[in-house]
Amino acid sequence: MLRRLFEPLGLRRSQVLWRGTGLAAVLVWIASYHFAFRDTHRSIPLSWNAFVRFLPEFGPPADHLMVLAGLLLVVLGGSVATLLAMGITSLVVTVGVAGDLERFAAAELPLFFVLPFGALVVAAFERGRDGDGDARARRDAAIARVFRVTLATSLAFSAFHKLNRDFFNVDVSCVTQIEAWLIGAWGPAGEALAAVGSPLQTVLMEGLLAVLVVVAPRAAVVGVALFFAPLGLVAASRITAIMMVMSWAGLPRADFERGRERRRWIVFAALWLPLVAISCAIYRVRDLGPEGIALIEAFAVFGIASALTSGRPWFGAERERGVPLARSTRRAIAGTALLLVLNGLTPYFGFKYNFSFAMWSNLRVDAVGWNSFVVPRAVRFVAVEERYLAIEHAEVTARYRRFAPRGPVEAAALAEVLRTFAARGGFVLDLVLVAGGERIEYAGDAGAERLSEVIERIEALAGDELELRRARMKPNREYVSHYDWRLEPSFFSPARFRQAIGDLRGQGFQVDLSFRYRREDYVFVDALTDDGFAAFVESLPKGNLDPGKLDATGPQRCLH
């Protein structure tokens, strides 16, 4: 029994797909590591000690278990046991993210349980025909079909959701935002990539890729690698990796037998090594380290090298001989496709927005801003706007607050506090210190150069008698505008509103608000000190299935 749980599911092609899926799950550790530390470290090489310190910040235990399940797939390959581990842990993570706005609702999360569970179902149907000598080949073909159906559906909906007026408005389109990321990360190379992109080209490319997955899978492998690699190197490493892995299922199983391995790896090394060297040399930001760049480009180059050395024609979906699938298996694959289609339509029905491949689409599905070119508002079952708070007025005012008690103070302790504020930035300090009859004053931005001089003077007074007369701080004008952006007249999901208020607490702000929620009007003056407001915020639902913030007037800015 135990042996059956761990025996390989499918042939070499399936095992490559499963190991790629596992590596895509592991990749989130590396990408998150660099993203978390980019603002606090000037250089962030991946070291074991720093990585261990990062792990508690990565997320709740379920997130770690999902990554560990990915490691099991990488090491042991795909089997009933490892696929159950991947499917169950990723399902738990997805459900947890759906109920907690503090956790990022990555669109690709459902893929990590759709693929394992879908494969287990179709393999179970084919296992019933084990008397046939080609049982493993049929299971391999069925698993590959699940991957291809999932990829085609995901690409199709990603393009379909973008058919709206705001995505085609270059002033607010997500394409414009991604182009800015490319330029910031890659300089002239990013400018060259941005120059060939536009909203229309993006939609056409994704739609074409969805078609190629069905009719020309070898061409689709190259297309998916070239389309997603730039995105993965600036914003979305895990979805980039899993989309590329799914595309590999379009290659025939003969390509994964040992006879073609040598040619593939020669082409891979010839392309990958110089590409990684050049990329690491010109990369400008710290969202990814060299190891993250190398892994993402490895996914892309492996697919391209496999397609270049494939025995399958570029166009024409040749059928694999000797692996006729049972009718029940074909129905199970069709059922998987139907579930994916229904999931993709959920934004228009009003059920949910996240996890539907509507990321970076500018799609609005509320009555105020419905913007789809294709789907009429009449299809809605649920009024989305009923779930939102309509902010009518929001004023955020910064107030001074004392950050250290007045009276005698040690020079070293005060210098350390000031260094903390200088590193954090975003604050205005008002400081008066008396030392041996000398009066030291500072009033200005916490990160100003003069503050360093004041800190040095204070440290030089170590051992002298110091008296702190005044020590106050308030967020500077730019810091306040950051929160004003969060609380401006617009539509907030309850969870996003809870998060914005939580960010404001303890920062020395006065917040005046008026808004409408569930057909009732609310007005709060100095809301953060109002116990009734605190109780109201605590009563709000915590779901994470809607966009966090929608514009009240004008076109909709980019939504993930």
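Described below are features of the structure shown in this document. (Residues numbered from 1 in each chain as written. Predicted model: local features only at pLDDT ≥ 70, side-chain atom pairs only at ≥ 80, totals over all residues. Heavy atoms only, no water.)

Time to look at the packing of helix H19 (residues 494-504) against helix H20 (residues 531-539). It is the contact of H19 with H20, at a shortest axis distance of 9 Å, that shows an interaxial angle of 135°. One element, H19, and the other, H20, form an angle in the oblique class. Seen from above, H19 lies across H20 with left-handed handedness. On H20, the residues that touch Phe-497, Arg-498 and Ile-501 of H19 are Phe-533, Phe-536, Val-537, Glu-538 and Ser-539. Residue composition of the contact of H19 with H20, grouped by class: 5 nonpolar, 1 polar and 2 charged. (Axes fitted to C-alpha atoms, helices over the stretch in contact; angles between N-to-C directions. Helix = DSSP H or I, 4+ residues; strand = E, 2+ residues; numbered from the N terminus. Parallel < 35°, antiparallel > 145°, perpendicular 65-115°, else oblique. Left-handed = near helix turned anticlockwise from the far one by under 90°. Contact = heavy atoms within 4.5 Å. Nonpolar A, V, L, I, M, F, W, Y, C, P; charged D, E, K, R; others polar.)

Here we come to the sheet that holds strand S1 (residues 389-398). Across the sheet, which stays open at both edges, the 5 strands sit in the order S9-S8-S1-S7-S10 with antiparallel pairing between neighbours. At either end of the open sheet lies a strand with only one pairing partner, and these are strand S9 (520-524) and strand S10 (549-551). Within the sheet, the average angular offset between the axes of one strand and its neighbour, ignoring direction, is 30°. Inspection of the sheet shows S1 paired to strand S8 (residues 509-517) by 9 bridges, in the antiparallel sense. Bridging from a neighbouring strand, Ile-391 pairs with Phe-515 of S8. In the packing of H19 onto the sheet, contacts are made with S1, strand S7 (490-492) and S8, and the angle to S8 comes to roughly 165°. In this fold H20 packs onto S1, S8 and S9, with an angle of close to 55° to the strand it touches most, S8. (Pairing = 2+ DSSP bridges.)

A contiguous patch of positive charge on the surface is contributed by Arg-145, Arg-327, Arg-330 and Arg-331. No other element matches helix H15 (residues 327-349), which puts 3 residues into the positive patch. Note on placement: Arg-145 falls in helix H7 (residues 135-161). (Patch = residues over 30% accessible without salt bridge, like charges linked within 9 Å, V, L, I, M, F, W, Y side chains within 5 Å. Areas by Shrake-Rupley, 256 points an atom, 1.4 Å probe, with all protein chains shown as cover. Salt bridge = Lys/Arg side-chain N within 4 Å of Asp/Glu carboxyl O. Lys, Arg positive; Asp, Glu negative; His and termini not counted. Charge placed at Lys NZ, Arg CZ, Asp CG, Glu CD.)

On to the layout of surface pockets. Computed from the structure, the second largest pocket encloses a volume of approximately 990 Å³. Around the second largest pocket, the lining is made up of 38 residues, and of these Leu-193, Leu-226, Phe-227, Pro-230 and Leu-231 lie nearest the centre. When residues of the lining of the second largest pocket are traced back to their parent elements, those giving at least two are helix H8 (174-186), helix H9 (188-195), helix H10 (199-215), helix H11 (217-232), helix H13 (261-282) and helix H14 (290-308). Considering every element that reaches the lining of the second largest pocket, the biggest residue donor is H11, with 7 residues. (1 Å grid on protein atoms, 1.4 Å probe; cavity = no way out; pocket = protein on both sides within 12 Å on 5 of 7 lines; lining within 4 Å. Points joined across faces, edges and corners; volume = space filled by probe spheres on them.)

Under the criterion given, the structure shown has 3 cavities of 30 Å³ or more. Looking at the largest cavity, its volume works out to about 50 Å³. What lines the largest cavity is Ala-105, Ala-107, Tyr-353, Asn-354, Phe-355, Ser-356, Phe-357, Ala-358, Met-359 and His-560. Among the residues forming the lining of the largest cavity, the class breakdown is 7 nonpolar, 3 polar and no charged. Around the second largest cavity, the lining residues are Arg-148, Leu-151, Val-213, Pro-217, Ala-220, Val-221, Met-246, Ser-247, Ala-249 and Gly-250.

A few words now on the packing of aromatic side chains. Under the criterion given, the structure shown has 26 aromatic pairs. Centre to centre, the rings of Trp-18 and Phe-147 are 5.1 Å apart; their planes meet at 65°, and the pair counts as edge-to-face. In this pair, Trp-18 is assigned in helix H2 (residues 12-37) and Phe-147 in helix H7, connecting sequence segments 129 residues apart. Each member of the pair Trp-18 and Phe-147 is classed as buried. Geometrically, the ring pair formed by Trp-248 and Phe-299 is stacked, given 6.1 Å between the ring centres and 20° between the ring planes. Linking Trp-248 in helix H12 (residues 237-248) with Phe-299 in helix H14, this pair joins segments that are 51 residues apart in sequence. Classification of Trp-248 as buried rests on a relative accessible area of 5%. Members of the aromatic cluster, each reached through a chain of ring pairs, are Phe-492, Phe-497, Phe-515, Tyr-517, Tyr-522, Phe-524, Phe-533 and Phe-536. (Phe/Tyr/Trp six-rings, centres within 6.5 Å; stacked < 30°, edge-to-face > 60°. Buried < 20%, exposed > 50% of the residue type's maximum accessible area, 1.4 Å probe, protein only.)

Attention shifts here to the environment of Leu-163. Along the polypeptide, Leu-163 turns up in the loop between H7 and H8. Separated by 208 residues in the primary sequence, Leu-163 and Asn-371 place their C-alpha atoms 8.6 Å from one another. If near-sequence neighbours (up to four positions away) are discounted, Leu-163 is found in contact with Phe-168, Val-203, Asn-371, Ser-372, Phe-373 and Val-374.

Next up on the list: the environment of Val-196. Tracing the backbone through its elements, the reader meets Val-196 in the loop between H9 and H10. Since its relative accessible area comes to 57%, Val-196 is described here as exposed. Sequence spacing of Val-196 and Glu-179 is 17 residues, and the spatial spacing of their C-alpha atoms is 10.0 Å.

A separate point is the pattern of salt bridges. In total, this model carries 16 salt bridges according to the counting rule given. The closest approach of N and O atoms between Lys-162 and Glu-206, which form a salt bridge, is 3.0 Å. Of this pair, Lys-162 sits in the loop between H7 and H8 while Glu-206 sits in helix H10, placing them 44 residues apart in sequence. The exposure class of Lys-162 is buried, given its relative accessible area of 5%.

Turning our eyes to something else, we now look at H15. Here H15 contains 23 residues, and its C-alpha end-to-end distance of 32 Å stays within 8% of the 33 Å for a straight helix at 1.5 Å per residue. All of the buried residues in H15 are Thr-329, Ala-332, Ile-333, Thr-336, Leu-340, Gly-344, Thr-346, Pro-347, Tyr-348 and Phe-349. Looking one or two places after H15, you find Gly-350, whose phi comes out positive at around 90°. (Expected span 1.5 Å × (residues − 1).)

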